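Here is what each chain is made of, one letter per residue.
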Amino acid sequence: MAEQAPPIFKVTMRVADDPDGVYDQDAIEYEGKLWLVPEWSDSPVLGYRIPTRIISMETLNYQRWETLGIVEYVIDDPMPIAVLEGRAPQEVMARYVVIDMPDLRYPLPSSRMN
């Protein structure tokens, strides 16, 4: 378990199943790499949340943007929604590096100190 959670970045991306839609996701640094966080599991009683799954951005085409100290990323290629939801067929999931329920804890958004 991490003692202090690294920052959470914002990611803008398109989903292959919805070519007109633009989706905002979170991303984190984990083991020296960037990971997309499509879903969080909240534990309000304990005051934290954990990523339900993380998807490595290492094999994705993306761009980094920094404006006024805020870092954001844009993923260039659309991703199937089934990958984000963790329900894609094995042959599709094999194209991505996915970790389910990593041992990472982040403060709930309402309990973050700004």
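Here the structure is shown first, and the text comes after it.
Here we summarise the structure given alongside this text. (Residues numbered from 1 in each chain as written. Predicted model: local features only at pLDDT ≥ 70, side-chain atom pairs only at ≥ 80, totals over all residues. Heavy atoms only, no water.)

A few points about the packing of aromatic side chains
Each aromatic ring pair is specified by the distance between its two centres and by the angle formed by the two planes.
Line of reasoning, step 1. All chains considered together, the criterion is met by four aromatic pairs.
Line of reasoning, step 2. Here the aromatic rings of Phe-9 and Tyr-73 are separated by 5.7 Å at their centres, their planes lie at 85 degrees, and the arrangement is edge-to-face. Here the residue Phe-9 occupies a position in strand 1 (residues 8-15), and Tyr-73 occupies one in strand 6 (residues 70-75), the gap between them amounting to 64 residues.
Line of reasoning, step 3. Accessibility expressed as a relative area gives 11% for Phe-9, which makes it buried. (Phe/Tyr/Trp six-rings, centres within 6.5 Å; stacked < 30°, edge-to-face > 60°. Helix = DSSP H or I, 4+ residues; strand = E, 2+ residues; numbered from the N terminus. Buried < 20%, exposed > 50% of the residue type's maximum accessible area, 1.4 Å probe, protein only.)

Digging into the nonpolar core
Line of reasoning, step 1. If you look at the biggest cluster of nonpolar residues, it comprises 21 residues, and the most contacted ones within it are Leu-36, Met-57, Met-79 and Val-83.
Line of reasoning, step 2. Sorting the residues of this core by element identifies strand 1, strand 3 (33-43), strand 6, helix 1 (81-84) and helix 2 (90-93) as the ones contributing at least two each.
Line of reasoning, step 3. Counting residues per element, this core draws most heavily on strand 1, at four residues.
Line of reasoning, step 4. Once residues within four sequence positions are removed from consideration, Val-83 is found in contact with Arg-53, Ile-55, Ala-88, Val-92, Met-93 and Tyr-96.
Line of reasoning, step 5. Judged by nonpolar contacts, the second largest core, of eight residues, contains Trp-35, Ile-54, Leu-104 and Tyr-106. (Core = buried A, V, L, I, M, F, W, Y, C linked by side-chain atoms within 4.5 Å. Contact = heavy atoms within 4.5 Å.)

Some points on the environment of Tyr-30
Line of reasoning, step 1. Along the chain, Tyr-30 turns up in strand 2 (residues 18-30).
Line of reasoning, step 2. As a C-alpha pair, Tyr-30 and Thr-67 span 37 residues in sequence and 23 Å in three-dimensional space.
Line of reasoning, step 3. Contacts of Tyr-30, omitting those with residues within four sequence positions, involve Trp-35, Ile-54, Ile-99 and Leu-104.

A short note on the environment of Arg-53
Line of reasoning, step 1. Its location among the elements puts Arg-53 in strand 4 (residues 48-56).
Line of reasoning, step 2. The exposure class assigned to Arg-53 is buried, which follows from its relative accessible area of 8%.
Line of reasoning, step 3. C-alpha separation for the pair Arg-53 and Glu-31, spaced 22 residues apart in sequence, amounts to 15 Å.
Line of reasoning, step 4. If sequence neighbours within four positions are ignored, Arg-53 has contacts with Leu-36, Val-37, Pro-38, Glu-39, Val-83, Leu-84, Glu-85, Gly-86, Val-98, Ile-99, Asp-100 and Met-101.
Line of reasoning, step 5. At 3.1 Å, the side chain of Arg-53 forms a polar contact with the side chain of Glu-39. (Polar contact = N/O pair within 3.5 Å; in protein donor to acceptor, adjacent residues only side chain to side chain.)

Quick look at the pattern of salt bridges
Line of reasoning, step 1. Under the defined criterion, the tally for this structure stands at six salt bridges.
Line of reasoning, step 2. Measuring nitrogen to oxygen at the nearest pair gives 3.4 Å for the salt bridge that ties Glu-58 to Lys-33. Separated by 25 residues along the polypeptide, Glu-58 in the loop between strand 4 and strand 5 (62-67) and Lys-33 in strand 3 bring together distant segments of the chain.
Line of reasoning, step 3. You can call Lys-33 partly exposed: its relative accessible area is 37%.
Line of reasoning, step 4. Between Glu-39 and Arg-53 there is a salt bridge; the shortest N-O distance is 3.1 Å. Residue Glu-39 is found in strand 3, and its partner Arg-53 is found in strand 4; the two are separated by 14 residues along the sequence.
Line of reasoning, step 5. Each of Glu-39, Arg-53 and Asp-100 takes part in salt bridges that share partners, so that together they form one network. (Salt bridge = Lys/Arg side-chain N within 4 Å of Asp/Glu carboxyl O.)

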